[in-house]
Amino acid sequence: MVATPSVASEWLRRWDAQQQLHIPDREDRFTAMTAAVAAYAGDRPKVLDLGSGPGSLSARVLQRLPEAEIVALDTDPVLLAIGRRALDSARVHFVDVDLRGAWTEQLPIDPPFDAAVSTTALHWLRLDQLLPFYRQLASVLRPGGVFLDGDRFDFDHDQRTIGAGAAAAQPEWPPLPEGAEDWPAWWAAVEAQPEFREEAELRHARHHEHPHDHEHHTYEFHRATLLAAGFSEVGTIWQHLVNRVLIAIR
Ligand SMILES: C[S@@+](CC[C@H](N)C(=O)[O-])C[C@H]1O[C@@H](n2cnc3c(N)ncnc32)[C@H](O)[C@@H]1O
């Protein structure tokens, strides 16, 4: 049984609502990122979406830049199935690939790419996996191409006072509205659907769960690693406390 586009679109809508619950300023971050893709990569960019999930950011890039061509990479079979059916666009290519491996060898369209984007995904990688990952990324972006990463970036080890203040200033997350789904509830609901049974089984066989004990991903660590991997400039283009959009130029 395969999900229809309208069923998949409803799961994508529920995914966005669930993610928004955990990251209340997610849409502001998306808006900053899509504007930056347009500013740095032009009207018809070839774009990578790294750890795309069901394609939330790919969809917004395509809304802003209808002539973009996007390769959306993820290793979660359920999220890929939702994205493929919900987006249903010849301009978005979903690829089942693990970003911890030789992912640049599995791209469905030839490099170079003009831009790469990622949201709430790269903190899933271990710190020692970032350098090989960024080296591969540098090898498929054109010189002058842009990388934008919207994620949680911790303050550095010598910024403890700033970090503590930022944690205290973090606005209270809104109370859960009646019937709202959080991450575990969304997963329990989607995995109970017959349309996604095969993908859910494969997902479990891969044991690829969110790393609860993930290491501290500081902006400084990512910046140093990107420079070591061959990027020429690294900065921040948008920030709200620890929620930040890092920008790097190849
Ligand atoms: C919280 S979701 C974010 C998805 C999407 N970018 C968004 O903002 O809605 C994190 C995504 O990263 C993906 N991911 C984590 N580790 C990965 C890896 N090693 N290779 C490919 N994708 C990975 C997960 O499967 C998941 O789809």
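Definitions and cut-offs
Residues numbered from 1 in each chain as written. Predicted model: local features only at pLDDT ≥ 70, side-chain atom pairs only at ≥ 80, totals over all residues. Heavy atoms only, no water. Near = heavy atom within 4 Å. Polar contact = N/O pair within 3.5 Å; in protein donor to acceptor, adjacent residues only side chain to side chain. Areas by Shrake-Rupley, 256 points an atom, 1.4 Å probe, with all protein chains shown as cover. Nonpolar A, V, L, I, M, F, W, Y, C, P; charged D, E, K, R; others polar. Core = buried A, V, L, I, M, F, W, Y, C linked by side-chain atoms within 4.5 Å. Buried < 20%, exposed > 50% of the residue type's maximum accessible area, 1.4 Å probe, protein only. Contact = heavy atoms within 4.5 Å. Phe/Tyr/Trp six-rings, centres within 6.5 Å; stacked < 30°, edge-to-face > 60°. Helix = DSSP H or I, 4+ residues; strand = E, 2+ residues; numbered from the N terminus.

Peer 1: Looking at this structure, how should I read the site of the ligand?
Peer 2: Inspection of the region around the ligand gives 21 residues, with R26, D74, D98, L99 and T119 positioned closest. With respect to the ligand, the side chain of D98 contributes an N or O atom lying 2.9 Å from a nitrogen atom. Within the complex, the protein chains bury 98% of what would otherwise be the 580 Å² of accessible surface of the ligand. Class assignment of the residues belonging to the shell around the ligand gives a composition of seven nonpolar, nine polar and five charged.

Peer 1: It is not clear to me how the nonpolar core should be interpreted in this structure. Could you clarify?
Peer 2: Soluble, globular proteins show a tendency: their nonpolar side chains are buried together. With 43 residues, the main nonpolar core has V37, I82, L148, W186 and V190 as its most contacted residues. Residues within four places of V190 in sequence aside, it is in contact with W11, V78, I82 and F196. L50, Y134, A229 and A248 belong to the second largest nonpolar core, which has 31 residues in total.

Peer 1: Looking at this structure, I do not really get the packing of aromatic side chains. What am I missing?
Peer 2: Both the distance between ring centres and the angle between the ring planes are used here to describe each pair of aromatic rings. Taken as a whole and assessed by the stated rule, the structure comprises ten aromatic pairs. Note on W15 and W186: the rings are 5.1 Å apart at their centroids and 70° apart in plane angle, and the pair reads as edge-to-face. One end of the pair, W15, is in helix α1 (residues 5–22); the other, W186, is in helix α7 (residues 183–191), and 171 residues separate them in sequence. Note on accessibility: W15 and W186 belong to one class, buried. Taking 5.5 Å as the distance between ring centres and 35° as the angle between the ring planes, the aromatic pair formed by W103 and F133 counts as tilted. Pair noted here: W103 is in the loop between β3 (92–96) and β4 (113–119) and F133 is in helix α5 (residues 127–140), with a separation of 30 residues, a long-range link. With relative accessibility at 0%, the residue W103 sits in the buried group. Through pairs of rings, three or more aromatic residues link up here, namely W11, W15, W124, W183, W186 and W187.

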